[in-house]
Amino acid sequence: MPKKELETANRPDNTAFTQQRLPAWQPMLSAGIVIPGFVLIGLAFIGIGVALFITSRNITVLEMDYTGVETSSDCFKCSAGTIPNCLCNLYFTLNDTFPGQVYFYYGLTNYFQSHRKFGVSVDAYQLSGDTYYFTNPLNVCAPYQFVNGSIPIVPCGLSANSMFNDTFKLYQLVNVSKPVPLDGRGIAWWSDYNVKYRNPTTTPLKNAFNGTIKPPCWPKPAYELDLTDPSNNGLVNQDFLVWMRRAALPNFRKLYRRITGPDYASGLPPGNYTIEIAYNYPTMIFNGRKKVVLSNVSWMGGKNDFLGVAYLVVGSLCVVMSIVMLIVYATFKFPEDG
Amino acid sequence: MEQFNWVRDRWRQLISGRRLYSAPDSRSTKCSPELHNTQRLTGKRRTVIARHGTHHHEYHCISKGYQGNRIRTTKYSLLTFIPMNLFQQFHRFANLYFLFLVMLNWVPVVEAFQKEITMIPLVVVLIVIAIKDALEDYRRYRFDQKINNNTASVYSGKHQTYVDQHWKEVRVGDFIRLSCNEIIPADVVLLHSSDPRGVCYIETANLDGETNLKQREVVRDQPQRCSELTPENFTARIECEDPNNDLSRFRGFMEHPGKARVGLHNNNLLLRSCTIRNTETVVGIVVYAGHESKAMMNNSGPRYKQSKLERRLNVDVLWCVVLLVVMCLTTAIGHGLWLSNIKEAPFLIPNAASPALAGFYLFWTMIIVLQVLIPISLYVSIEVVKLGQIFFIQNDVDLYNDNLDSRIQCRALNITEDLGQIQYLFSDKTGTLTENKMAFRRCTIAGVEYPHEENARRLEVYERDEDEATGRSHTLKSRTSAKSLSCKSLSCNRSSVSLHTLTDHAEEEEPPSPIMHQQSPFCSSMEKDIAPDPLLLQKLSGLSSPRFLLWDASMELTYIVDFFMALAICNTVVVSSHNQPRHVVKVPEVSPKKLKSLDDIKMLFQRFGLPRFSTLSPTHTTEIAHSFTGKLFATDKAASCNPTPSKNATEPDGEPNPRPSLPSVAQATDGDQECEGEDKGSGERGSWTGLEDNMVPLNMGDMSRQELFISKPDADELIYEAESPDEAALVHAARAYGCTLQGRSVEHLLVELPGMGSLVVPLLHILPFDSTRKRMSVVVRHPLTNQVVVYTKGADSVVMDLTESAESPEQPDGLMRGHVRKQTQKHLDDYAREGLRTLCIAKKVLEEEEYEVWLKHQVFAETSIENREELLMESALRLETNVTLLGATGVVDKLQEEVPETIEALQRAGVKVWVLTGDKQETAINIACACSLLRSTDHLLTANCGSKEMCEALLLDLLKEVESREAERGDAPDVTSGFTLVIDGRTLDFALQEDLSDNFLELSRHCRAVICCRSTPLQKSRVVQLVRDKLRVMTLAVGDGANDVSMIQVADVGVGISGQEGMQAVMSSDFAISRFKHLRKLLLVHGHWCYTRLANMILYFFYKNLRISPEVP
């Protein structure tokens, strides 16, 4: 009937969407829900916090500064930076077994890898093995783009140039110095090693670097970073990758090696140890410190008391709040709530 | 953002102005110097002369500055699109900010991101918006084309005839011939109409949505009234105002070569985009064309209001800017200090800059890096969200009115969330709380109350059946309104859109169907079918009764007849009939029937209707009177042999519903005898029968018999199209008693009186209603007595004041008048208590000389151009004095459905509801009770006083009373009882004055509701303004009529109710609803949702931006 149609031509559609009747759930935050909810959340947080805290407590960390600020330190002689290829030793004693898989880290302080210009000064194309950028590095690398204005630097940029180049050897002092085997494979991120960084396909690798020059601060060119393992050279050197993965905070530590070997599979046995350090990296000028860190890990990662404490605090706050709310509710119970 | 919008709008105006209007002063040097002088002298006027007339040269000189009829609403042309669009887009603060950041990134020392990448978002945004603008503009262009290419019949000088031309070729000074149902292409002064009375009807639905017909008149003293106008011979010069946007005002004069001036006013102007109705052809001369026409000048964009939340948001964004600057400064200073501490940095990029300079650079870098801290995208997001909210509001089925088939209209797009923040609601009463469907309920005439009990029962039945009665009448109603709705909803948009509907409208135009016209505004059967009061009917039937002379209450009879006469003619109702849809009933051919009886009645009127005759000495005329009485009696007996006219009069054919049967002859006789008995005491009235015989031929000489006696028109179902429902109700009431308004022209009214058939009433003047005078008057020449009579109808307060002066005991009829006045006042109070709207009817007989004097002033006022309104008003005031009160009417106005529930819900939500009405105090209180604004437990505070000092004291008293009562009640506020302040207009005037307003507000804050009665539109807006500014609260004003417009505009949120009284309120509102009950869901559901959702979104936006910004490297 046309009249009927006309009559309702303007009538809005009566659908769930236009009438805002789509199924929705909006919690009514009444006392009956909120107070038990807070208690439950608080208890859960406390549980997690306790677990985290205990785990963190069980992680052993040994941290030793070897910058050589104090004159008593063996590395004092090297800290001035005047002696080339300076070697120094760092002694330490373990009274108990250092349990589990032990990781060997180096640490730096007051070092701003997160500085914007530091982070930007990288040529990602070059690092992905594009030989065109070997000869034509990006401008962002400046002033570590060319040497003498014409010879391109590979890898270019400040980040690469400032690569940490101290090396460490760990010995257990039994009767003679017994070298503790350190494994440097697989310490970088999988994605860095397999995706982000690639060597050019040229063989031998050295030829790809023809016409280029190593970064000014590097003692050796990129294709000679690891003389023992040819596959660990060039732009996919594990230490290089670890360095290029920038730390967010000025005080950081980076994985150097894993301690392996049949004698040390379940940890470092008690005894005296020494670390032989090839001291190259200058940190004194910017008030930085260098450290060696030995640590084992757990399911929650490295040692971190804060996380557990934070969980505990939040959890207990929730419980306290629920008690406060319970008291408030009991005192000023609103009649409408029933 | 407000400023930016303002600037943008200004700029748009500037651009359009520059492009569209050629400078008016660039006149040709060929023009004669004297012409220049006239131009200069007239100042803000324009002169129009015929284009194809004899003064070709002059025409070109004068009309050079006038725009053609081509309209152009597009913003850009092909060439200017890119620069102009870019320019406009960069007026958005957000875009400028983005541009600034992009440019900053191009400075090498502060560059943070790759330059090209940072440009992408900005470029994308600009391109998308440019494409949108281009599409919109193209659409506008097409609409313009369509309208410009409409054809109209324009006089061509070459062909010496009317030829079809495109609208865009029409120029000022052209003659246009329009036929029925054509749309008017430009503002035209009406010079000729095919209608013999020189009127023309237009429908202004395209302009204001009102579907009733408006009458326009041919310019007075037009020489060629009957013959077709010949444009060549048109030598007159029209002087009128410069183009303006006032639709209801047009002033000017037409100067004939003989230097005779004829005033032009609004009634002579046909407005662009209106439609000609009921008139075959009209011819007019174009005075305003194209963008200078009033309709086009009235097109403004959508309203821009800034919501409270947005103002708050702006402050928050400013804080964000401060935070950003602080953060960047901190970084910059820290950077400088850090750098200055490092003496020799091996792994640092060597930087030639000093630490301070490096810090400065870093500042700008950080601005780029932390740019997201400023949620500039928030503004765009808010707009998108609000669009969604408006979509939901408009699509709410609960806010849809079945009967009118109308949804809610959101006219302001950005204050949805303010709906949820309303603290004070100001409501009009009539049409907002009530239906504004007026139905005549009862009346009092000459101090006698007629309770109309049958009528009351009938109304009750209607109220009960309201819900089921959506059948016939409502479908018809929706039909009419649906047609006009397309224009209503679109007219709020851009000009081009409304123009588009205009063209569409023309295409869709179908021959008017009878169904459509059966139902015109204010004509539901509830308003139409009035059951007459038996007693009154009896008295009135005395007029046609063969023995009316036996009944001695003739004085009362004249009162009654005058009363119904006033009801029937004192209005601006347009009559159309069923068979001739929307055509004015033509004056039918004459018939000499009932001639004798009419003569008699005429004489009767001359005897009774004129108070001055009563001064004649009774003894002097007794003898003549006696003989005359006998004669009259005899003739009337003869007349009674004719089919009695009262049957036709009291029972109009075609009325479908049953009504009480007419009193039988026997009853009538009884009634007569009763009245006879009642009035025996007033013996002096008998003396009025003393009538000079020679009066009869005198009157007959003035007006030919042929003119007087007219048979009934064949179509019985007359349709009244009134501007206000009161008028319609009263006309219908008069009709129920046989006083039927049958036709109207400029100079005549056709009225049927019981027992007399149709009479032509020469209409001399209409003094239209206005809100300051609160009354309207018509000046007519009485068809029977041939005297000049003024009928006044108006609010009881003003009319009572006018009658007051007339009341003096010296005058012989003073006693009677005093009695009537006293009784009527008593009845008026009763009516008000019952919640009826009251109107008083009064009349005044003018002496010829008196009329002549007044006429001179009136003509002067009409023809003057400078301050015509003031002069007219003055003239009206001069006329409306010393009137005789005839009686009063009580009109019932039903409360809208669910009003009490809505008000209660709003009050429970903490919204204070104020009712501002022009009604009487008693009526207002009654309605307030009915809609549960005022509860029985409430304490009523009434403020009525006459002077400022009294008002001050009263306010303080009331305040004290309220405080003491509140203290009594103690801490626990009783929910069930509160205070309600009732204040009348005069007191309100004092209370609104600077020094008392604080007291008034303080008092009103204690009250749960405030009712302001007898308030004028200006007072309404001042109250709203006072509350809004002084209390700093969110206010909402809701109203339906033109008198609420100012209030709606002042309030933070204006809501218009699209009801019976035109569209002015809707046009000025932010939201337009159709029922008051919709406010409940609109405020409490949609307002709440919009506010919480938007507030949460904004909070989340700030959180999100703060969260993201530090993670940008």
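Residues numbered from 1 in each chain as written. Chains lettered and ligands numbered in written order. Predicted model: local features only at pLDDT ≥ 70, side-chain atom pairs only at ≥ 80, totals over all residues. Heavy atoms only, no water.

Caption draft 1: Structural view of helix α4 (residues 81–89) of chain B. Residue and element names in this part refer to chain B. Of all the positions in α4, only Phe-81, Met-84, Asn-85, Gln-88 and Gln-89 are classed as buried. Buried positions in α4, seen along its axis, are confined to an arc of 130° and lie on one side of it. Facing away from the buried side of α4, by more than 90 degrees, are the exposed residues Ile-82 and Pro-83. (Buried < 20%, exposed > 50% of the residue type's maximum accessible area, 1.4 Å probe, protein only. Helix = DSSP H or I, 4+ residues; strand = E, 2+ residues; numbered from the N terminus. Arc of directions from axis to C-beta.)

Caption draft 2: Representation of the environment of Cys-156 of chain A. Residues and elements named next belong to chain A. Within the element layout of this structure, Cys-156 appears in the loop between β6 (151–152) and α7 (158–161). Overall, the relative accessible area of 3% leaves Cys-156 in the buried class. On a C-alpha basis, the gap between Cys-156 and Ala-124 in space is 9.7 Å, while along the polypeptide they are 32 residues apart.

Caption draft 3: Fine view of the environment of Glu-721 of chain B. Mapping Glu-721 of chain B onto the fold places it in strand β19 (residues 718–721). Each C-alpha atom of the pair Glu-721 of chain B and Leu-213 of chain B lies 7.1 Å from the other, and the pair is 508 residues apart in sequence.

Caption draft 4: Expanded view of the state of the cysteines. Across all of its chains, the model carries 3 disulfides over all chains by this definition. Each sulfur in the disulfide pair Cys-78 of chain A and Cys-86 of chain A lies 1.6 Å from the other. Its S-S torsion of about -60° marks the bond between Cys-78 of chain A and Cys-86 of chain A as left-handed, since a negative value means left-handed. Disulfide partners in chain A, listed by the sequence order of the bonded cysteines, are 1-4, 2-3, 5-6. As a non-bridged cysteine, Cys-200 of chain B has Cys-180 of chain B as the owner of its nearest cysteine sulfur, 9.2 Å distant. (Disulfide = S-S within 2.5 Å.)

Caption draft 5: How the structure looks around the packing of aromatic side chains. According to the stated counting rule, one finds 46 aromatic pairs over all chains in the structure shown. Each ring, one from Phe-17 of chain A and one from Phe-392 of chain B, has its centre 5.2 Å from the other, and the planes form 65°; the classification is edge-to-face. Of this pair, Phe-17 of chain A sits in the loop between α1 (2–7) and α2 (31–58) while Phe-392 of chain B sits in helix α11 (residues 377–394), which puts the two residues in different chains. On the basis of relative accessible area, Phe-17 of chain A is assigned to the partly exposed category, the value being 45%. Classification of Phe-392 of chain B by relative accessible area gives buried; the value is 17%. On the basis of an interplanar angle of 70° and a centroid distance of 6.0 Å, the ring pair of Trp-243 of chain A and Tyr-281 of chain A is categorised as edge-to-face. A residue pair is termed long-range when its members are at least 10 positions apart, and Trp-243 of chain A in helix α10 (residues 238–244) and Tyr-281 of chain A in the loop between β12 (271–279) and β13 (290–296) qualify at 38 residues. Residue Trp-243 of chain A shares its accessibility class with Tyr-281 of chain A, and that shared class is buried. The positively charged end of Arg-245 of chain A is found above the aromatic ring belonging to Trp-189 of chain A, 4.0 Å away from the centroid. The ring of Tyr-256 of chain A has Arg-257 of chain A sitting right over it, with the charged end atom 4.3 Å from the ring centre. (Phe/Tyr/Trp six-rings, centres within 6.5 Å; stacked < 30°, edge-to-face > 60°. Lys NZ or Arg CZ within 6 Å of the ring centre and 35° of its normal.)

Caption draft 6: Expanded view of the pairing of strand β7 (residues 167–173) of chain A. All names here are of chain A. For β7 and β12, the ladder comprises 7 bridges, and the chain directions are antiparallel. When the sheet's bridge partners are listed, Leu-170 is paired in β12 with Ile-275. Where β7 meets strand β8 (residues 177–179), 3 bridges bridge the pair, whose relative direction is antiparallel. Looking across to β8, one finds that Leu-173 is bridged to Ser-177. (Pairing = 2+ DSSP bridges.)

Caption draft 7: Expanded view of the sheet that holds strand β7 (residues 213–217) of chain B. Residues and elements named next belong to chain B. Taken in spatial order, the 3 strands of this open sheet run β7-β6-β12, and their pairing is antiparallel. Only two strands of the sheet have a single partner each, and these edge strands are β7 and β12 (275–277). The sheet shows a mean angle of 45° between the axes of neighbouring strands, taken without regard to direction. Bridge count between strand β6 (residues 199–203) and β7: 5 bridges; the pairing is antiparallel. Across the sheet, the residue bridging to Ile-202 is Lys-214, located in β7. (Axes fitted to C-alpha atoms, helices over the stretch in contact; angles between N-to-C directions.)

Caption draft 8: Representation of the environment of Pro-137 of chain A. All names here are of chain A. Within the fold, Pro-137 resides in the loop between α6 (131–135) and β5 (146–147). The exposure class of Pro-137 is buried, given its relative accessible area of 6%. Note: C-alpha distance between Pro-137 and Cys-156 (19 residues apart in sequence) is 6.8 Å. Setting aside residues no more than four positions away along its own chain, Pro-137 makes contact with Asp-123, Gln-126, Gln-145, Phe-146, Pro-152, Ile-153 and Cys-156. (Contact = heavy atoms within 4.5 Å.)

Caption draft 9: A look at the pattern of salt bridges. This model, assessed by the stated rule, comprises 32 salt bridges over all chains. Of the charged contacts in the structure, one is a salt bridge between Asp-183 of chain A and Arg-258 of chain A, with a shortest N-O distance of 3.5 Å. Taken together, the residues Asp-183 of chain A in strand β9 (residues 182–183) and Arg-258 of chain A in strand β10 (residues 252–259) connect sequence positions 75 residues apart. A relative accessible area of 13% places Asp-183 of chain A in the buried class. One salt bridge in this structure joins Asp-398 of chain B and Lys-1081 of chain B, with 2.8 Å as the shortest N-O distance. One end of the pair, Asp-398 of chain B, is in the loop between α11 and β14 (409–410); the other, Lys-1081 of chain B, is in helix α38 (residues 1078–1108), with 683 residues separating them in the sequence. One continuous salt-bridge network, built from bridges that share partners, spans Asp-183, Arg-185 and Arg-258 of chain A. (Salt bridge = Lys/Arg side-chain N within 4 Å of Asp/Glu carboxyl O.)

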